[in-house]
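Read off the chains here:
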Amino acid sequence: MDISIVIPLYNEEESLPELYAWIARVMKENRYTYEVIFVNDGSTDNSWKVINDLSTQSECVKGIKFRRNYGKSPALFCGFKEAQGDVVITMDADLQDSPDELPILYRMIKNDGYDLVSGYKQKRYDPLSKTLPTKLFNATARKISGIKNLHDFNCGLKAYRKEVVKNIEVYGEMHRYIPYLAKNAGFSKIGEKVVQHQARKYGKTKFGLNRFVNGYLDLITLWFLSSFGKKPMHVFGFLGSIMFLIGLVSAMVIGADKLWALSHGIPQRLVTDSPYFYIALTMMMIGTQLFLAGFLGDLISRSSAGRNDYQIEEELRCRKS
């Protein structure tokens, strides 16, 4: 099969027939073998009925229905698990992504050798309250992830080699950082294509401004896991040791100052009357806690079932005569 198209959706009953007809026309014109996997993320409207109707009309339509709304990342995870095409393409169900882009994305994966191609909605039909935070968010993601050539991490229109989606785990709200997840899994050839962005035709957006706050928190989590996930002692142990040593040296300086004053008969207040003593003591306590957190994190990491999971691209074995 050439293409698997994974479409997560929530309350999009009006757009689904038009979207599938558009996809089917593009696939037929380019003579691709394909499947469309609709993932119904707990919709409360008639979206599932529409998907059922489409599946009776075409054997290319598959459907997954969640019992409740879990979010876009779980929907993509289940869609990726089901996908069988050589190239897997994701797109939104609201008709803001154009199916006319699919052949070019497919060729960029198959002919140009990209592992992942992300869409870039250079000209957007969104309000300023959405576009400005998006630009700031993407700039931060580029800096932390090191993927300098992507301008729109959160674009729903993306294409992947099959091996990519089968070797990454999309969870929580990590759908925003699939290029980063792919890079961490060893898929380094990541490209971008400027795509057409259309104004929403039906319904209203399902995402609020809280997604930007959550997005930054998820980005920090992903950065930490990719950098120190298998070696937490390297960060917590290091910070803890530094803080403990600074606190210890400070306490020793305060004590030495007290002893020097006593040996020279100079009146000196009690060590416990100095605020610096408590600051030094607090630093030593926090340093000890950080060190223990790193130690426990290392123990947990070493007992994890996935501690030796590595991405192996190819393997050669000796031929027996």
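Each chain has its residues counted from 1, running along the sequence as written. Local features are withheld for residues below a pLDDT of 70 in this predicted model, meaning they are given only at 70 or higher, and side-chain atom pairs are given and counted only at 80 or more; totals for whole chains, interfaces and linings count all residues. To get the side-chain values, take all heavy atoms of the structure and skip hydrogens and water.

Asker: Before we move on, can you summarise the packing of aromatic side chains with the specific residues and values?
Answerer: Two aromatic rings, drawn from Phe, Tyr or Trp (for Trp, its six-membered ring), form a pair once their centres lie within 6.5 Å of each other, and the interplanar angle then sorts them: stacked below 30 degrees, edge-to-face above 60, tilted otherwise. This model, assessed by the stated rule, comprises five aromatic pairs. Seen in terms of ring centroids, Phe 137 and Tyr 177 are 5.8 Å apart; in terms of plane orientation they differ by 45 degrees. Their pairing is tilted. Highlighted residues: Phe 137 in helix 5 (residues 128-145) and Tyr 177 in the loop between helix 6 (162-166) and helix 7 (178-184), separated in sequence by 40 residues. For the pair formed by Phe 137 and Tyr 177, the shared burial category is buried. Ring plane angle 80 degrees and centroid distance 5.3 Å describe the contact between Phe 277 and Tyr 278, whose orientation is recorded as edge-to-face. Overall, Phe 277 belongs to the partly exposed group, its relative accessible area being 22%. Sitting over the face of the ring of Tyr 114, Lys 189 holds its NZ or CZ atom 5.3 Å from the ring centroid. A run of H or I in DSSP becomes a helix once it reaches four residues, and a run of E becomes a strand once it reaches two; helices and strands are each numbered from the N terminus. Accessibility here uses a 1.4 Å probe with only protein chains present; expressed as a share of the type maximum, an area under 20% marks a residue as buried, one over 50% as exposed, and anything in between as partly exposed. In our convention, an over-ring charge means Lys NZ or Arg CZ found within 6 Å of a ring centre and within 35 degrees of that ring's normal.

Asker: Can you break down the nonpolar core residue by residue, with the values?
Answerer: Core analysis: the biggest nonpolar cluster contains 36 residues, and Ile 5, Ile 7, Tyr 20, Ile 23, Met 27 and Phe 38 have the highest contact counts within it. Counting residues per element, the ones that place at least two in this core are strand 1 (3-9), helix 1 (16-29), strand 2 (34-40), helix 2 (47-57), strand 4 (87-90) and helix 4 (102-110). The element contributing the most residues to this core is helix 1, with eight residues. Those residues in contact with Met 27 that lie beyond four places of it in its chain are Ile 3, Ile 5, Tyr 32, Tyr 34 and Leu 102. By size, the runner-up hydrophobic cluster in this structure holds 32 residues, among which are Leu 76, Leu 116, Leu 219 and Leu 222. Throughout this description, the term nonpolar core refers to a set of buried Ala, Val, Leu, Ile, Met, Phe, Trp, Tyr and Cys residues connected via side-chain atoms within 4.5 Å. Residue contacts are defined here by distance: any two heavy atoms, one from each residue, within 4.5 Å place the two residues in contact.

Asker: Run through unusual backbone geometry, naming residues and quoting values.
Answerer: Where the residue is not glycine, phi is negative for most of them; where a peptide bond is considered, it is trans in most cases. One non-glycine residue, Asn 11, adopts positive backbone phi at about 55 degrees. Mapping Asn 11 onto the fold places it in the loop between strand 1 and helix 1.

Asker: So what about helix 3 (residues 72-82)? Which residues, and what values?
Answerer: All of the buried residues in helix 3 are Lys 72, Ser 73, Ala 75, Leu 76, Gly 79 and Phe 80. What you see down the axis of helix 3 is that its buried residues fit within an arc of 155 degrees, all on one side. The arc under discussion is defined with respect to the helix axis, by the directions toward the C-beta atoms.

Asker: If you had to explain the pairing of strand 2 to someone new, which residues and values would you point to?
Answerer: Within a regular strand, side chains alternate between the sheet's two faces. Counting buried positions over the seven residues of strand 2 gives seven, a clear majority of the element. Judged by which residues are buried, strand 2 turns out to be covered on both faces: Tyr 34, Val 36, Phe 38 and Asn 40 on one side and Glu 35, Ile 37 and Val 39 on the other are all buried. Whether a crossover is right-handed depends on one test, that the path from the first strand over the helix to the second runs clockwise when the strands point away from the viewer. Between the parallel elements strand 1 and strand 2, the chain passes through helix 1 in a crossover that is right-handed. Taking the sense of rotation as the criterion, the β-α-β connection linking strand 2, helix 2 and strand 3 (residues 61-65) turns out right-handed.

Asker: Any chance you could break down the environment of Glu 169 for me, citing the residues and the numbers?
Answerer: Tracing the sequence through the fold places Glu 169 in the loop between helix 6 and helix 7. Sequence separation of Glu 169 and Ala 182 is 13 residues, and the distance between their C-alpha atoms is 9.3 Å. Here Glu 169 is in contact with Phe 77 and Leu 181, once residues within four sequence places are set aside.

Asker: Could you give an account of the pattern of salt bridges, naming the residues involved and the relevant values?
Answerer: By definition here, a salt bridge exists when the distance from a side-chain nitrogen of Lys or Arg to a carboxyl oxygen of Asp or Glu is within 4 Å. Applying the stated criterion to the full structure yields 12 salt bridges. Across the pair Glu 35 and Lys 62 runs a salt bridge whose closest N-O atoms are separated by 2.7 Å. Remark: Lys 62 occurs in strand 3 and Glu 35 occurs in strand 2; sequence separation between them is 27 residues. On the accessibility criterion, Glu 35 (2% relative accessible area) is buried. Residues Arg 161 and Asp 115 are paired through a salt bridge, measuring 2.5 Å at the closest nitrogen-oxygen approach. One end of the pair, Arg 161, is in strand 6 (residues 158-161); the other, Asp 115, is in the loop between helix 4 and strand 5 (116-120), with 46 residues separating them in the sequence. The class for Arg 161 is partly exposed, based on a relative accessible area of 24%. Judged by its relative accessible area of 9%, Asp 115 is buried. What you see here is one network of salt bridges that share partners, running through Arg 25, Glu 29 and Asp 100.

Asker: Provide a residue-level description of the sheet that holds strand 4, including the pertinent values.
Answerer: For two strands to be treated as a pair, DSSP must find at least two bridges joining them. Pairing in this open sheet of seven strands is mixed, and the strands run 3-2-1-4-6-5-7 from one edge to the other. The open sheet has two edge strands, strand 3 and strand 7 (190-194), and neither has a second partner. Taking each pair of neighbouring strands and ignoring which way they run, the sheet shows an average axis angle of 20 degrees. Looking at chain direction, strand 2 and strand 3 are connected through five bridges and run parallel. What sits directly across from Asn 40, in strand 3, is Lys 65. The axes used here are C-alpha line fits, helices contributing only the stretch in contact, and every angle between their N-to-C directions lies in the interval 0 to 180 degrees. Running at roughly 155 degrees to strand 3, helix 2 makes contact with strand 1, strand 2 and strand 3 of the sheet. On the sheet, helix 3 packs against strand 1, strand 2, strand 3, strand 4 and strand 6 and is oriented at approximately 155 degrees with respect to strand 1.

Geometric descriptors of this kind do not, in isolation, establish any biological role.
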